[in-house]
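# Tertiary structure, described
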Amino acid sequence: DVFHWHTDAVTLPHQSLAWDYNFRNTNEQESGGAPIHYQIHDADLTHGFYFGVANASSLTSTLSADVQTGDLAYQRYHYDENLQLQHTPNFETRYEYSLEQDRSSGVTQTINTVDVGLAHHLFKSLVSTADAGGSLIDTTGNGESPQVYGRTNFAYTKLIPNGTLLANLNFGWQWQQSPAGSQPIPVINQAFTFNNSQPLVLTQTNIDPNSIQVLGTNGVPFVNGRDFVVNRVGHLIQIERVIGGLIPAGGSVLLDYDLFPQAAHTTNTGNAGFGIRDDIDNGPLKGFAPYARYDLQRQTIDSNEFDSTLIPDSYDDVVVGSDYRVWMIVLNAEQQWYHSTI
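Presented here is an overview of the structure given in this document. Just so it is clear, the structure is predicted and the values come from calculations on it, not from any experiment. (Residues numbered from 1 in each chain as written. Predicted model: local features only at pLDDT ≥ 70, side-chain atom pairs only at ≥ 80, totals over all residues. Heavy atoms only, no water.)

Further remarks concern the overall build of the chain. When helices and strands are counted, the chain shows 0 helices and 20 strands. Overall, the chain is about 65 × 60 × 50 Å in size when its C-alpha atoms are taken along their principal axes. Among the 342 residues that make up the chain, the fraction classed as buried is 32%. Sequence separation of 24 or more characterises 53% of the internal contacts of the chain that already satisfy a separation of 6 or more. Accessible surface for the chain amounts to roughly 19600 Å². Of this, 59% is attributable to carbon and sulfur atoms. (Helix = DSSP H or I, 4+ residues; strand = E, 2+ residues; numbered from the N terminus. Buried < 20%, exposed > 50% of the residue type's maximum accessible area, 1.4 Å probe, protein only. Contact = heavy atoms within 4.5 Å. Areas by Shrake-Rupley, 256 points an atom, 1.4 Å probe, with all protein chains shown as cover.)

So, in structure tokens, the structure goes:
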């Protein structure tokens, strides 16, 4: 049973206000299984203020709450402030703060995040973006885990005689400090998207596979064995979508799982990548789009205690391939070489 309410209004010049409320009452009965009953209250309040030349700059404030009662009960609250400044037609900056709190099964996880970014357009061919920020995760029974990061990306688009050339270059760095845990660390609402028949790969090495729950973006859980299966491949966990289950190809899901307690450690991660693609629109090779990309990651983990689950996730990833478009059909051939220390 579903009820939806939406209201939006222009409160003052250059301002807007929107309110959404959703109520869902669900009774679920699977053959041979216990009945499940829960109710979801989902509310969002968003205020926008637009200013500057042509109102191109904005300040957006969002407050949301998602509460599920009955079976599978949880609470989720989110607050976000997002300031976008359009300094010139080719240069803009962004400033964002968010606070999120999740409560489930007696565990509370609070995440404070600050992010600052910029984007610059050069000659309409080169788009440069960069952002830096940090977060502080506080989980019941496991203390605080601070993190700082920085990323840059350069995207190049150029018309050439046979079509369009696209290239990108990116760099990133992340530092995270994790305290010693006395009990499992819950990971809540981690977003993933299934790529057709490819499984989801979780590279975290200390995941409890028995704790994995897969939910839809509306919070409704999928059934292990009917909609998905969990496999362990070496140190990694793979989640495969069951053909004929309720998870569609290309579907987005949320994952909840527990991490086994680990020794206190500090993680440094650096990554870089490069890609190039040629969309051929003219000549005898019309319809072909050859591409190649290379990504690398180098990670170090420092700890005063030995912990066999602390395995650095370093890898080199090379992909080459091509699309071929003919009529309404797209054919693809691709080769990947992936080398990882784990």
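Tallying each qualifying case throughout the model produces 5 aromatic pairs. When the centroid spacing of 5.4 Å and the interplanar angle of 25 degrees are considered together, the rings of F49 and F51 count as stacked. Note on F49: relative accessible area 33%, which makes it partly exposed. (Phe/Tyr/Trp six-rings, centres within 6.5 Å; stacked < 30°, edge-to-face > 60°.)

Within the chain, N55 stands out as a residue other than glycine whose phi angle is a positive 55 degrees. In this structure, N55 sits in the loop between β3 (36-51) and β4 (57-70). According to the relative accessible area criterion, N55 is partly exposed, its value standing at 33%. Backbone geometry at W327 places phi at a positive 55 degrees, although glycine is not the residue there. By the element assignment, W327 lies in the loop between β19 (315-326) and β20 (329-340).

This part covers the pattern of salt bridges. Under the defined criterion, the tally for this structure stands at 9 salt bridges. For R94, the salt bridge goes to E96, with nearest N and O atoms at 3.8 Å. According to the relative accessible area criterion, E96 is partly exposed, its value standing at 26%. D323 is paired through a salt bridge with R277; the nearest N and O atoms lie 3.0 Å apart. (Salt bridge = Lys/Arg side-chain N within 4 Å of Asp/Glu carboxyl O.)

Another aspect to go through is the nonpolar core. Ranked by size, the top nonpolar core spans 16 residues in total, and within it L202, I212, V214, I239, V253 and Y257 carry the most contacts. Of all the secondary-structure elements, those providing two or more residues to this core are β12 (200-202), β15 (236-241) and β16 (252-259). In terms of residue count, β16 provides more of this core than any other element does, 4 residues in total. Not counting residues up to four positions away in its chain, the partners in contact with I239 are F194, P199, L200, L202, I212, V214, F228, V229, V230 and L255. (Core = buried A, V, L, I, M, F, W, Y, C linked by side-chain atoms within 4.5 Å.)

In space, the 3 strands of this open sheet follow the order β12-β15-β14, with antiparallel pairing throughout. The sheet is open, and its two edges are formed by β12 and β14 (228-233), each paired on a single side. Strand-to-strand twist across the sheet, computed as the mean angle between neighbouring axes with direction ignored, equals 25 degrees. Bridge analysis of β12 against β15 gives 3 bridges, and the strand direction is antiparallel. Along β15, the bridge assignment pairs L200 with I239. (Pairing = 2+ DSSP bridges. Axes fitted to C-alpha atoms, helices over the stretch in contact; angles between N-to-C directions.)

Whenever strands of a sheet pair, they do so through backbone hydrogen bonds, lying parallel or antiparallel. With antiparallel pairing, the 3 strands of this open sheet are ordered in space as β11-β16-β13. Only two strands of the sheet have a single partner each, and these edge strands are β11 (185-193) and β13 (213-216). On average, each strand axis in the sheet is inclined to that of its neighbour by 25 degrees, with strand direction left out of account. Pairing analysis gives 7 bridges linking β11 to β16, with the strands arranged antiparallel.

Here the focus is a nonpolar patch on the surface. On the surface, F3, W5, L17, W19, L45, L63, Y79, Y95, Y97, L99, V114 and V116 cluster together into a nonpolar patch covering about 1000 Å² of accessible area. Those elements that provide at least two residues to the nonpolar patch are β1 (2-9), β2 (15-28), β6 (91-104) and β7 (107-122). It is β6 that contributes the most residues to the nonpolar patch, 3 residues altogether. Locating F3 in the fold gives a position in strand β1. (Patch = residues over 30% accessible without salt bridge, like charges linked within 9 Å, V, L, I, M, F, W, Y side chains within 5 Å.)

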